[in-house]
Amino acid sequence: MGNSRSSLQLPEEDIANISKETGFTANQIERLWSRFSSLDKQQKGHLTREDFLRIPELAINPLGDRIVHAFFRDSRQQQQNMGGGVGSPDPERNGSSGGNGSTADDMEQEVVNFCDFVRVLAHFRPLKKNVEKNKLNGREEKLRFAFRMYDLDGDDKISKEELLAVLTMMVGANISEDQLISIAERTIMEADLDKDNLISFDEFKNVLERTDVEQKMSIRFLD
Ligand SMILES: [Ca+2]
Ligand SMILES: [Ca+2]
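Residues numbered from 1 in each chain as written. Chains lettered and ligands numbered in written order. Predicted model: local features only at pLDDT ≥ 70, side-chain atom pairs only at ≥ 80, totals over all residues. Heavy atoms only, no water.

Here we look at the overall build of the chain
When helices and strands are tallied, the chain shows twelve helices and four strands. Taking all 223 residues of the chain together, the buried fraction comes to 42%. Taking as baseline every contact in the chain between residues at least 6 positions apart, the subset at least 24 positions apart corresponds to 64%. About 13,100 Å² of surface is accessible on the chain, with carbon and sulfur atoms providing 51% of the total. (Helix = DSSP H or I, 4+ residues; strand = E, 2+ residues; numbered from the N terminus. Buried < 20%, exposed > 50% of the residue type's maximum accessible area, 1.4 Å probe, protein only. Contact = heavy atoms within 4.5 Å. Areas by Shrake-Rupley, 256 points an atom, 1.4 Å probe, with all protein chains shown as cover.)

Quick notes on the coordination of the calcium ion (ligand 2)
Tetrahedral coordination by four donors places them ideally at 109.5 degrees to one another around the metal; octahedral coordination by six donors ideally gives 90 or 180 degrees. The coordination sphere of the calcium ion (ligand 2), as far as protein atoms go, consists of Asp192 (OD), Asp194 (OD), Asp196 (OD), Leu198 (O), Glu203 (OE) and Glu203 (OE), spread over 2.3 to 2.5 Å. All donors of the calcium ion (ligand 2) come from a single chain, and their spacing in sequence reads D-x1-D-x1-D-x1-L-x4-E. (Donors = N, O, S within 2.8 Å, 3.2 Å for Na, K, Ca; no water.)

Brief notes about the coordination of the calcium ion (ligand 1)
The protein atoms that coordinate the calcium ion (ligand 1) are Asp151 (OD), Asp153 (OD), Asp155 (OD), Lys157 (O), Glu162 (OE) and Glu162 (OE), at distances of 2.3 to 2.5 Å. Each of the six donor atoms around the calcium ion (ligand 1) contributes to a set of angles spanning 53 to 154 degrees, which defines the coordination as irregular. Of note, the donors binding the calcium ion (ligand 1) are all from one chain and are spaced D-x1-D-x1-D-x1-K-x4-E. (Tetrahedral: all angles 85-135°; square planar, octahedral: opposite > 155°, others 65-115°.)

Things to note about the nonpolar core
Core analysis: the biggest nonpolar cluster contains 33 residues, and Phe24, Phe52, Phe71, Phe114 and Phe117 have the highest contact counts within it. Listing elements by their share of this core, those giving two or more residues are helix H1 (12-22), helix H2 (26-39), helix H5 (64-82), helix H7 (114-122) and helix H8 (139-150). When residues in this core are grouped by element, the largest group, seven residues, is from H7. Counting the residues that make up this core, at least three belong to each of domain 1 (12-122) and domain 2 (135-217). Of all hydrophobic cores here, the second largest spans 14 residues; its members include Leu143, Leu164, Ala184 and Phe204. (Core = buried A, V, L, I, M, F, W, Y, C linked by side-chain atoms within 4.5 Å. Domains from an automatic or database assignment.)

Here we look at the pattern of salt bridges
In the structure shown here, the tally under the stated rule is nine salt bridges. For Arg119, the salt bridge identified is with Glu21, shortest N-O distance 2.4 Å. Note that Arg119 is positioned in helix H7 and Glu21 in helix H1, a separation of 98 residues in sequence. Arg119 gets classed as buried once you look at its relative accessible area, which sits at 3%. Residue Glu21 is classed as buried on the basis of its relative accessible area, which comes to 18%. (Salt bridge = Lys/Arg side-chain N within 4 Å of Asp/Glu carboxyl O.)

A short note on the environment of Gln9
With respect to the secondary-structure elements, Gln9 resides in the segment before H1. Here Gln9 falls in the partly exposed class, since its relative accessible area comes to 39%. Along the sequence, Gln9 and Trp33 sit 24 residues apart, while their C-alpha atoms lie 8.6 Å from each other. Residues within four places of Gln9 in sequence aside, it is in contact with Glu30 and Trp33.

A look at the confidence of the model for the chain
With 70% of its residues at a pLDDT of at least 70, the chain reaches an overall mean of 75. Scored below 50 in pLDDT, residues 1-7 makes one contact in the model with residues more than four places away or belonging to other chains. Low pLDDT, under 50, characterises residues 84-108; the stretch is placed with 37 contacts to residues that sit more than four places away or in other chains. (pLDDT = per-residue confidence, 0-100.)

What about the packing of H2 against H7?
The contact between H2 and H7 brings their axes to 11 Å, and the two run at 120 degrees. Here H2 lies oblique to H7, going by the angle between them. Seen from above, H2 lies across H7 with right-handed handedness. Residues Ile29, Leu32, Trp33, Arg35, Phe36 and Leu39 of H2 lie in contact with H7, whose contacting residues are Phe114, Phe117, Val118 and Leu121. Grouping the amino acids of the contact of H2 with H7 by side-chain chemistry returns nine nonpolar, no polar and one charged. (Axes fitted to C-alpha atoms, helices over the stretch in contact; angles between N-to-C directions. Parallel < 35°, antiparallel > 145°, perpendicular 65-115°, else oblique. Left-handed = near helix turned anticlockwise from the far one by under 90°. Nonpolar A, V, L, I, M, F, W, Y, C, P; charged D, E, K, R; others polar.)

Written out as structure tokens, the structure reads:
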């Protein structure tokens, strides 16, 4: 146990800030920090898409690529919303995303630092009845995350082609393309309330109204 991990130590202050923002306990944050550090093979202080795709669960998941995509999109969005948020524990991080407001560079960012990492994972924290709801793991946020897995081009609508791409990954070669196309068309028809042939986030939410998203999108984090 308590042996040397000096280079992996997170400053107390960062732990407190991250805990306040995400609802994770200090212990959980320490665990996530060691997970993060072990994924960060070259000790870069951030994760790239390649680092994520080395996670075995994601590498074998037909939707892995989509999940990683949503991870990057999500953390970019949150940086904009929160104007930087809590400080990064990485002393080497360059200043490009440290300030308020976003620049074109932020939009192009293809890395996830530890704070981003924890924030995205916070979407998957189970909701606890007695604990005050943290906005990162609410139903709306979980649905947003799922929506982004489909919306590849980021225009806030799911097109038939985007739906088809996900369906193809999920069922692979088991169903003919013609059948998939008709499933995609039917799904859009049923969800599409304003008849623009696209699924908006509101329409998406509507379809999933009765699904227990909170349960399905929860991961048990150890205390
Ligand atoms: Ca789209
Ligand atoms: Ca629509």
